[in-house]
Amino acid sequence: MAKCHLIIDSCCDLPASVVRRPGVTLMKFPYTVDGGGGTFEDDLFESVSAEAFYGAMRKGAEPSTAQVTLQTLTDTFTAAAEEGTPAVYLAFSSGLSASFDAACVVRDQVLAEHPDFELHIVDTHLASVAEGLLVYEALVQHEKGMSAAELAAWAEEARCFVNEEFMVDDLEALRRGGRIPASVAVAGAALDVKPLLVIAEDGTLSLVGVARGRKKGIKQLAEYYKKNVDDAGQAHVAIVGHADCPKDAARLKEALEKEAPGLLCLVCNIGPVIGSHVGADMLAVVFWGHDKRENLSVADRIARKVKGDK
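The model shown is predicted, which means the values in this text are computed figures rather than measured ones.

Rules used in this analysis
- Residues numbered from 1 in each chain as written.
- Predicted model: local features only at pLDDT ≥ 70, side-chain atom pairs only at ≥ 80, totals over all residues.
- Heavy atoms only, no water.
- Helix = DSSP H or I, 4+ residues; strand = E, 2+ residues; numbered from the N terminus.
- Buried < 20%, exposed > 50% of the residue type's maximum accessible area, 1.4 Å probe, protein only.
- Contact = heavy atoms within 4.5 Å.
- Areas by Shrake-Rupley, 256 points an atom, 1.4 Å probe, with all protein chains shown as cover.
- Axes fitted to C-alpha atoms, helices over the stretch in contact; angles between N-to-C directions.
- Left-handed = near helix turned anticlockwise from the far one by under 90°.
- Nonpolar A, V, L, I, M, F, W, Y, C, P; charged D, E, K, R; others polar.
- Pairing = 2+ DSSP bridges.
- Salt bridge = Lys/Arg side-chain N within 4 Å of Asp/Glu carboxyl O.
- Core = buried A, V, L, I, M, F, W, Y, C linked by side-chain atoms within 4.5 Å.

Overview of the overall build of the chain
Looking only at helices and strands, the chain features twelve helices and 13 strands. Scored against the burial criterion, the 310 residues of the chain give a buried share of 52%. Restricting the contact set of the chain to residue pairs at least 6 apart, pairs at least 24 apart contribute 77%. Total accessible area on the chain is roughly 13900 Å²; 53% of this is exposed by carbon and sulfur atoms.

Structure, rendered in structure tokens:
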């Protein structure tokens, strides 16, 4: 039986049916579509289909996003405080949004009014289906009866073992949203390739390679899984995320299942908030793999030790 209240946000890009559980609250990021009649909430494609959203992007629509509103944060945390159950919020990466910092400010305000309330906020350093994999397992641990403190500590460690690589059709949407430098986007376009990116240990995006065409890109994503997957336990769960390219997602799923017979492979749509920044036809693979901290440079490892970071 759950011992805590789990708060998640819509940037996890899991299906609504997966996260709709007792003791779990979903905070919805807002987004707007130019000429689309105002602001919408990312409800994991319950009110608008992925086909309609990405179809509009393919026709030239340029959606934009914002951080979770202060009112949403305040309402969510206050409701949890009034319920009285200790709570954990697994937040979208601070390396890609100011929402984590805003959540910390609101938490302090709520705790000032409810000093006995226990609320942990974890910066997942993850986004989209990478965040989704962490949330998916957190839901399991939540139902197994982890306390709020235990679940927060688990997430702080587990986030380092979520491995992901994703392919975008081009880098323009990421450049427009300020997620990568303009020079990187220009170089990618000039080379006429499919960029491959990962989420670095600090939660920011990092360009790690390119593919000459989508077919080769799918092969490289499968090879990334084979190279980096952890052979024990949770290695048998993976998520394939796609931005309205279901045929490519099916091909990647098939390739992964050939590499790992018995693999539980979930296929998820990339939601409208993340989709606004990666564009249509993005394809991702996410799984439990190597500790990302092992990829830090010597200088960064020393810096973390000096600062007392894990």
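Structure's up, so let's keep going.
Overview of the packing of helix H9 (residues 214–228) against helix H10 (residues 246–259)
Running from amino to carboxyl end, H9 crosses H10 at an angle of 35 degrees, the nearest separation of the two axes being 9 Å. As for how H9 packs across H10, the hand of that crossing is right-handed. Along the contact surface, H9 presents Arg214, Ile218, Leu221, Ala222, Tyr225 and Lys226, while H10 presents Asp248, Arg251, Leu252, Ala255, Leu256 and Glu259. Tallied by class, the residues present in the contact of H9 with H10 amount to seven nonpolar, no polar and five charged.

What to know about the sheet that holds strand S5 (residues 64–65)
Sheet strands associate in pairs through backbone hydrogen bonding, adopting either a parallel or an antiparallel arrangement. Across the sheet, three strands lie side by side as S4-S3-S5; this open sheet has antiparallel pairing. A strand with exactly one partner marks an edge of an open sheet, and here the two such strands are strand S4 (39–41) and S5. Bridging between strand S3 (residues 30–32) and S5 involves two bridges; their strand directions are antiparallel. The residue of S5 that forms the bridge with threonine 32 is serine 64.

A closer look at the sheet that holds strand S2 (residues 24–27)
Overall, parallel pairing links the four strands, which are arranged S2-S1-S6-S7 in an open sheet. Two strands close off the open sheet at either side, each with one partner strand: S2 and strand S7 (119–123). In this sheet, adjacent strand axes meet at a mean angle of 20 degrees when their direction is disregarded. As paired elements, strand S6 (residues 87–91) and S7 share five bridges and run parallel to each other. Pairing of alanine 87 across the sheet is with leucine 119, part of S7.

Some points on the pattern of salt bridges
With the rule as written, the count across this model stands at 16 salt bridges. Taking the shortest distance from any N to any O, the salt bridge between aspartate 169 and lysine 194 comes out at 3.0 Å. One end of the pair, aspartate 169, is in the loop between strand S8 (162–167) and helix H7 (172–176); the other, lysine 194, is in strand S9 (residues 194–199), and 25 residues separate them in sequence. Salt bridges sharing partners connect three or more residues here, namely Asp169, Lys194, Arg214, Asp248 and Arg251.

Side note on helix H2 (residues 50–58)
Those residues of H2 that fall on the buried side of the exposure criterion are Ala50, Phe53, Tyr54, Gly55 and Met57. Immediately beyond the C-terminal end of H2, within one or two residues, lies glycine 60, with a positive phi of roughly 115 degrees.

Thoughts on the nonpolar core
Leu6, Leu14, Tyr54, Phe77 and Trp154 are the most contacted members of the largest nonpolar core, which totals 80 residues. Broken down by element, the residue count for this core peaks at eight residues, all from helix H5 (residues 128–144). Counting 22 residues, the second-largest nonpolar core is a separate cluster that includes Val229, Ala260, Cys265 and Val285.

All we've got here are geometric facts, nothing functional implied.
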